[in-house]
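# Inside the fold
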Amino acid sequence: MLLASFLEAHNILFENRVLTKEQVYKKLVDRLCSQYKLPVSGSKLLELILHREEEVSSAYPTGIAIPHIRMDGFNDTLIAMAFLGNPLDYNGIKVNWVVLILTDKTSSKTYLNIVAALLKLSKDKEAMKALASAGDGHSVIHYLKKNEVEVKKDVIIADIMVQNPIAVLPQNSLRELINLMSTHKVAGMPVVDETGKYVGEVNVLNLLEVGIPNYVMMLDNLSFLSSYEPLENLFSQQDLLFVKDIMTTDEIFVRPEASIIETVFLMVSHNKRYLSVVKEGKLVGLITAMDILRKVIAV
Amino acid sequence: MLAALIGGFVIIVLGVVDQSIAFSAIDWNVIFFLIGMMLTISVMRETGMFMYIAIKTAKIAKGSPLKIMVMMFIATAVISAILGSVTTVMILVPIVLLIAEELKITPAPFIITMVIAANMGGAATMIGDPPNILIASATKYTFIDFFLNLTPAIVIIVIGSLGLIWLLYRGKMYVSNERRAKIMEYNDKNLITHPKLLWITLTVVGLMLLAFIFQKPLHLENATIAMAAGLILVFIGSRKKVETIILNDIDWVTIFFFIGLFMIVEGLVHTGFIDLLANGVMSITNGEPKTTSMVILWLSGILSAWIDNIPFVAAMIPMIKSIGLHMQSAVQVQPLWWALSLGSCLGGNGTLVGASANIVAVGIANRNGYKISFMDYTKIGILFALESMLLSSVYIWFRY
């Protein structure tokens, strides 16, 4: 399905004046209301959008904001968009493309796929430049048709994963690992060799386990201890032990073309909050449960 | 386990015995007793009482290594008399490793003496180690019979062992005051996480022991009592899911081992092999009870130092029954059973491979980087095995 098929020239605006968020949203709502019979009034719709915006920001780091309203008994998907000459500020993110999407309460799949297509487009600098300078709705639709910008049937992991994630080499010392984890504030990361081949994973629990001997793990209860030397001495092992000594090498990862449901299934059944994304043996990304929550569920 | 189970079915396939006979040889009184005790022990562990006893013991000993060793020896023997030796070392060895690490002393002597105490304690009661429950089920001896006949012997042997510990380790272990202070700082208050669960458990276990003591007038079999206690505790006491306990805390490997074993022994009885052995023993001793007891005691002791005492006792039971038929009165058979129990439980201390508790404890130590070799264990174990065998001989000789 082409993205252009969802669009109508009338609902695509170009705006060079300095406007507030509310003004931009009002313009988009007005366009839609003038053309379609909606279950709610224009002012009510605007209120819903602004209320939602307060709860969770609709902006993405690539400079696109996608406000979204689900309506009961509205069996359609409507899109209105505005290209802004003067970007809006969404808590530090400069947004120059606002896309309003109205959908039915039940169908989120089409919506998700449209969002994925829009996000992909917003990352493409060349395309964004062409669209921003298109000038009118017809040219935008023409450009999208010509370049065959598609709305995929299903969102795949490659669409929402973090690309080029932080990774660590097996021969890195624990000190280097500790530094990486604390500077990037991550609780775990993939392990790759020099060629980028995925070899395993290491997380903060693997690291802390170094300070706990096997026999302590066999105790039923440790509440009688207030301090314990081996744990405190973990830092003395930092340069003597390496990532390869503590990493896990279980082969639980996803392919970039894996579906959301497959990924969620793997995460839940293996109790993992993130998975490496591996293509032909090489690490290409990382998908966290929070990514899925934010980009798929909480939209 | 697999070997026992395969063996059990091989004798059926080969036609040594019919399936129905092999199955009827499975002693359900033993199987359900074991399951009941495993359920009871699972909830007892959950209360934290054993951790509490161990930590409290170390604190009462004020961190002094010899005192800890002596008091742990006694505590281990008492706990093992209720839990059996394998469970006891699985709970206590990690604690001893922790204490030794904190005191910066080598844990090997503590682990070795602890295993020895566990094997001794297990022999003291009917519900302790498996050989005793096998004997209880095969004879009509009750909990009280075991208590009156075996517990005094074990008390004497434990006292003797404490003397041996004093001779072996006195003045050999030094710990700085700073290290001792660490042990004294242990906060044992937090170990009993759910006092209510503890009281329920102690009440049910107390009732279970009373039921064992009065099992004759109450007409209750061992399995009934143990299962009743286990099921009550699991349903009203435990905070864990019943399915989790049944899956994780019942040692199914042991249960199937026993099932296979009963079938194999039935096969041996059917082939007449056991009768042959019995006649052999009788021809040496002329059926004289005291001499026969001594032969059984030392034969069990020496063999149990090398082979697992459970299959050994399972095979000896029909043999002693067969010998019993040649004796003039039932009273004369009695010392034979006690000799079998003492020999097979205490002989296991002789070498590293003599008992399951030894292998389990040394396994835990080795996994934690404290290597205890066959000789490390055996040169200590053999002393305690000899001491306890000699004291057992004196006990049986003068008592019966």
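Our structure is the block above this text.
Anyway, here's the lowdown on the structure attached to this text. Just so it is clear, the model here is predicted, and its values are computed rather than measured.

## Some words on the overall build of chain B
Check the secondary structure of chain B and you find 22 helices and zero strands. Across its three principal axes, chain B shows a C-alpha extent of roughly 65 × 45 × 40 Å. Residue burial in chain B is summarised as follows: out of 400 residues, 57% are buried. Sequence-distant contacts in chain B: of pairs separated by 6 or more residues, those separated by 24 or more amount to 81%. Each charge class in chain B was averaged separately, 24 positive and 20 negative side chains, and the resulting centres sit 12 Å apart.

## Brief notes about the overall build of chain A
Counting its regular elements, chain A contains 13 helices and eleven strands. Against the 2.2 N^0.38 benchmark of 19 Å for 299 residues, chain A shows a C-alpha radius of gyration of 24 Å, more extended than a compact globule. For chain A, the spread of C-alpha atoms along the principal axes amounts to about 75 × 45 × 35 Å. The buried share of chain A, taken over its 299 residues, is 45%. One finds the centroid of the 31 positive side-chain charges in chain A at a distance of 7 Å from the centroid of its 35 negative side-chain charges.

## Some words on the nonpolar core
By size, the foremost hydrophobic cluster in this structure holds 146 residues, and its most contacted members are Leu98, Ile99, Ile111, Leu134, Phe258 and Leu340 of chain B. Non-local contacts of leucine 134 of chain B, meaning those with residues more than four positions away in its chain, are made with Val30, Phe258, Phe262, Ile310, Val313, Ala314 and Ile317 of chain B. Counting 48 residues, the second-largest nonpolar core is a separate cluster that includes Phe83, Ala127, Val151 and Val296 of chain A.

## Remarks on a nonpolar patch on the surface
All names here are of chain B. A contiguous nonpolar patch, built from Leu299, Ile302, Leu303, Trp306, Ile307, Val353, Ile359, Phe374 and Met375 and spanning about 810 Å² of accessible area, is present on the exposed surface. Every element with two or more residues in the nonpolar patch is listed here: α18 (289-304) and α22 (374-399). In terms of residues, the nonpolar patch owes the most to one element, α18, which gives three residues. With respect to the helices and strands, phenylalanine 374 occurs in helix α22.

## Re the packing of aromatic side chains
Under the definition given, this model contains 15 aromatic pairs over all chains. Joined through ring pairs, the aromatic side chains of Phe14, Phe83 and Trp97 of chain A make up one cluster. The residue whose ring lies beneath lysine 290 of chain B is tryptophan 397 of chain B, and the NZ or CZ to ring-centre distance is 5.2 Å.

## Structural notes on the pairing of strand β5 (residues 78-90) of chain A
Residues and elements named next belong to chain A. Sheet analysis places strand β1 (residues 12-15) next to β5, joined by four bridges and oriented parallel. If you follow phenylalanine 14 over to β5, its bridge partner there is phenylalanine 83. As judged from the nine bridges shared by β5 and strand β6 (residues 93-104), these two strands associate in the antiparallel manner. Bridge pairing in β6 places aspartate 89 opposite lysine 94. Linking β5 back to β6 in an antiparallel pair, the connection comprises two residues, with asparagine 91 at a positive phi of about 50°.

## Describing the packing of helix α12 (residues 260-269) of chain A against helix α13 (residues 289-297) of chain A
All names here are of chain A. Across the interface, α12 lies against α13 with an axial gap of 11 Å and an inter-helix angle of 140°. Relative to α13, the element α12 is oriented oblique. For α12 against α13, the interelement crossing comes out left-handed. Here Ile260, Thr263, Val264 and Met267 of α12 lie close against α13, whose contacting residues are Ala289, Ile292 and Val296. Per-class residue counts for the contact of α12 with α13 are six nonpolar, one polar and no charged.

## Regarding the environment of glycine 160 of chain B
Residues and elements named next belong to chain B. By the secondary structure assignment, glycine 160 is in helix α10 (residues 151-169). The exposure class of glycine 160 is partly exposed, given its relative accessible area of 28%. Taking the C-alpha atoms as reference points, glycine 160 and phenylalanine 256, separated by 96 residues in sequence, lie 37 Å from one another. Filtering out sequence-adjacent residues up to four positions away, glycine 160 remains in contact with Glu387 and Leu391.

## What to know about the interface of chain B and chain A
Across the boundary between the two partners, chain B contributes 21 residues, which contact 14 residues of chain A. Interface area for chain B against chain A, summed over the two sides, is near 1,700 Å², with a carbon-plus-sulfur share of 56%. On the chain B side of the contact with chain A, Met51, Leu98 and Asn368 of chain B bury the most area, a combined 28% of that side's loss. Where chain B meets chain A, there are one salt bridge. Residues aspartate 220 of chain A and arginine 45 of chain B are paired through a salt bridge, measuring 2.9 Å at the closest nitrogen-oxygen approach. Between the two partners, chain B and chain A, sit six residue pairs in polar contact (both at pLDDT 80 or more). For the side of chain B that touches chain A, the secondary structure elements donating two or more residues are α4 (49-60), α6 (85-103), α11 (177-184) and α21 (356-367) of chain B. With seven residues, α6 of chain B is the single largest residue contributor to the side of chain B that touches chain A. Classifying every residue of the side of chain B that touches chain A by side-chain character gives ten nonpolar, four polar and seven charged.

## A look at the packing of helix α8 (residues 130-138) of chain B against helix α20 (residues 330-347) of chain B
Residue and element names in this part refer to chain B. At their nearest, the axes of α8 and α20 sit 9 Å apart, and the two run at 160° to each other. Put simply, α8 runs roughly antiparallel to α20. Once α8 is placed against α20, the crossing between them reads as right-handed. Here Pro131, Asn132 and Ile135 of α8 lie close against α20, whose contacting residues are Trp337, Leu340, Ser341, Ser344 and Cys345. By residue class, the composition of the contact of α8 with α20 is five nonpolar, three polar and no charged.

## Digging into α8 of chain B
Of all nine residues making up α8 of chain B, seven are buried, and the element is well covered by its neighbours. Every buried residue of α8 of chain B is accounted for by Pro131, Asn132, Ile133, Leu134, Ile135, Ala136 and Ser137 of chain B.

## As for helix α12 (residues 195-213) of chain B
Residues and elements named next belong to chain B. With 19 residues, α12 extends 27 Å from end C-alpha to end C-alpha; this agrees with the ideal 27 Å at 1.5 Å per step. For α12, the full list of buried residues reads Leu197, Leu198, Thr201, Val204, Val205, Met208, Ala211 and Phe212. In an axial view of α12, the angular spread of the buried residues amounts to 155°, which keeps them on one side of the axis. What points out from α12, more than 90 degrees from its buried face, is the exposed set Lys196, Trp199 and Leu207. Residues of α12 that are buried in the fold lie against α3 (28-46), α4, α9 (143-149), α13 (215-218) and α14 (222-237).

## What to know about unusual backbone geometry
Residue and element names in this part refer to chain B. Phi is positive for lysine 104, which is not a glycine, with a value near 55°. On the secondary structure map, lysine 104 appears in the loop between α6 and α7 (108-124). Owing to a relative accessible area of 51%, lysine 104 belongs among the exposed residues under this scheme.

## Some remarks on the environment of valine 17 of chain B
All names here are of chain B. Following the sequence through the fold, valine 17 ends up in the loop between α1 (2-13) and α2 (19-24). Spatially, the C-alpha atom of valine 17 lies 51 Å from that of leucine 98, the residues being 81 residues apart in sequence. Other than its neighbours up to four places away in sequence, valine 17 contacts Ile11, Ile12, Ala22, Glu266, Gly267 and His270.

Procedures and definitions
- Residues numbered from 1 in each chain as written.
- Chains lettered and ligands numbered in written order.
- Predicted model: local features only at pLDDT ≥ 70, side-chain atom pairs only at ≥ 80, totals over all residues.
- Heavy atoms only, no water.
- Helix = DSSP H or I, 4+ residues; strand = E, 2+ residues; numbered from the N terminus.
- Buried < 20%, exposed > 50% of the residue type's maximum accessible area, 1.4 Å probe, protein only.
- Contact = heavy atoms within 4.5 Å.
- Lys, Arg positive; Asp, Glu negative; His and termini not counted.
- Charge placed at Lys NZ, Arg CZ, Asp CG, Glu CD.
- Rg over C-alpha atoms; globule rule 2.2 N^0.38 Å.
- Core = buried A, V, L, I, M, F, W, Y, C linked by side-chain atoms within 4.5 Å.
- Patch = residues over 30% accessible without salt bridge, like charges linked within 9 Å, V, L, I, M, F, W, Y side chains within 5 Å.
- Areas by Shrake-Rupley, 256 points an atom, 1.4 Å probe, with all protein chains shown as cover.
- Salt bridge = Lys/Arg side-chain N within 4 Å of Asp/Glu carboxyl O.
- Phe/Tyr/Trp six-rings, centres within 6.5 Å; stacked < 30°, edge-to-face > 60°.
- Lys NZ or Arg CZ within 6 Å of the ring centre and 35° of its normal.
- Pairing = 2+ DSSP bridges.
- Axes fitted to C-alpha atoms, helices over the stretch in contact; angles between N-to-C directions.
- Parallel < 35°, antiparallel > 145°, perpendicular 65-115°, else oblique.
- Left-handed = near helix turned anticlockwise from the far one by under 90°.
- Nonpolar A, V, L, I, M, F, W, Y, C, P; charged D, E, K, R; others polar.
- Buried area = accessible area lost by both parts, 1.4 Å probe.
- Polar contact = N/O pair within 3.5 Å; in protein donor to acceptor, adjacent residues only side chain to side chain.
- Expected span 1.5 Å × (residues − 1).
- Arc of directions from axis to C-beta.

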